[in-house]
Amino acid sequence: MATGCYARRARQELTRIDGVNLVAGSNENKHLLRLISDASHQERPVAPDKGTRTPSPPAFRTRTFVKVQDGCDTPCSYCIVPLVRGRETSLPASEIIAEVGNRVAEGYQEVVLTGTKIGTYHNNGIDLKGLLERILAETSVPRLRLSSLQPHEISPDLLSLWADDRLCPHFHLSLQSGSDPILARMRRRYDTTEYEQAVSLIRGSVPDVAITTDIIVGFPGETDEEFEESCRFCQRMEFARIHVFPFSARSCTEAAQMPDQIDSRTKKIRTDTMLALAEESARNFRQRFSGKTMTVLWEQRTGDYIWSGVTGNYIRVFTESKEDLNNQLMPVKLA
Ligand code: SF4
């Protein structure tokens, strides 16, 4: 199966590759379960019927994703999203609210709002804060999580909504690098000072909050000093989780043409270093909640009697139980 931005851009090319029996663009993620099921009975690549949605089997109904926005008007030098998804568009609030209501009626306990830049959500005079207010007021969604925000989208006004504990204390703030010269070459719209201010604002307003992030290592021209600076900044931010990506050039992007591309051996060493830092940071975050009672959404059985679930602040937890915990939200004392 091929999916993601590239699948959306090069569907024909991918369907000709041996072994690829399903091509689903990044805009088709919500149909994936049905597409996989269909593909297992077909030899040709399949595409979804637009505008229809097949509910997941009940066992999968725990956490679900509702897209609220697409596109990007502020290209970063490494990213292909603006090329494949075009200008920013936001879905009408009424459609989103209806969709959240549908998912809740189907039994989902947690809804994650997704988009390429949900912080720029804007439709008919309603911004992200307005959208969240309406979802909280007009649906009974037990848990609402946001996918990714940028530092300049964080404001006291927005954070005031987290007084409603249905909003998960979890912010994914994509950093990409902890070095200002690299951020400038990436054409990100913030520097580390602004990023740190946003993190402080969140931590001062939302108790027990998890800040998670993405980091690219081995960006073209990244010196040893810049990489070390990035590591030091990540350590200081005490992230609950870091997704580490070695830089991978995307054709037609500015970064792909930049001089001083980093060799794969150096990228591997830096990736391993950052992954070790990420592991330590995540462990430290988890340990802060040892002995504390948190609400867990049990998602799946991973062994005979072993259940896996997540807290609102995105700590993955496991327990042993012969009872069916699937899709239950319950207070749990963490070990
Ligand atoms: S990384 Fe995000 S902000 Fe940058 S171009 Fe891609 S979608 Fe836009």
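Not measured: the values here are computed from a predicted model. (Residues numbered from 1 in each chain as written. Predicted model: local features only at pLDDT ≥ 70, side-chain atom pairs only at ≥ 80, totals over all residues. Heavy atoms only, no water.)

**Q** Looking at this model, I keep getting lost on the sheet that holds strand β15 (residues 316-320). Mind explaining?
**A** Adjacent strands of a sheet form backbone hydrogen bonds with each other and so pair up, either parallel or antiparallel. One open sheet accounts for four strands, arranged β15-β14-β13-β16; its pairing is antiparallel. Strand pairing shows two members of the sheet lacking a second neighbour, β15 and β16 (329-333), which therefore form its edges. Neighbour-to-neighbour, the strand axes of this sheet turn through a mean angle of 45°, independent of strand direction. With five bridges connecting them, strand β13 (residues 293-301) and β16 associate as antiparallel partners. The partner of Met 294 across the bridge, within β16, is Val 332. (Pairing = 2+ DSSP bridges. Helix = DSSP H or I, 4+ residues; strand = E, 2+ residues; numbered from the N terminus. Axes fitted to C-alpha atoms, helices over the stretch in contact; angles between N-to-C directions.)

**Q** Would you explain the sheet that holds strand β6 (residues 110-114) in this entry?
**A** Pairing within the open sheet is parallel, and its three strands lie in the order β3-β6-β9. Looking at which strands have only one partner, the edges of the open sheet turn out to be β3 (63-67) and β9 (143-146). The sheet shows a mean angle of 25° between the axes of neighbouring strands, direction not considered. In the sheet, β6 pairs with β9 via four bridges, with the strands oriented parallel. The residue bridging Val 112 from the neighbouring strand is Arg 145, located in β9. Sitting on the sheet, helix α5 (residues 93-106) touches β3 and β6, and the angle it makes with β3 is about 165°. (Contact = heavy atoms within 4.5 Å.)

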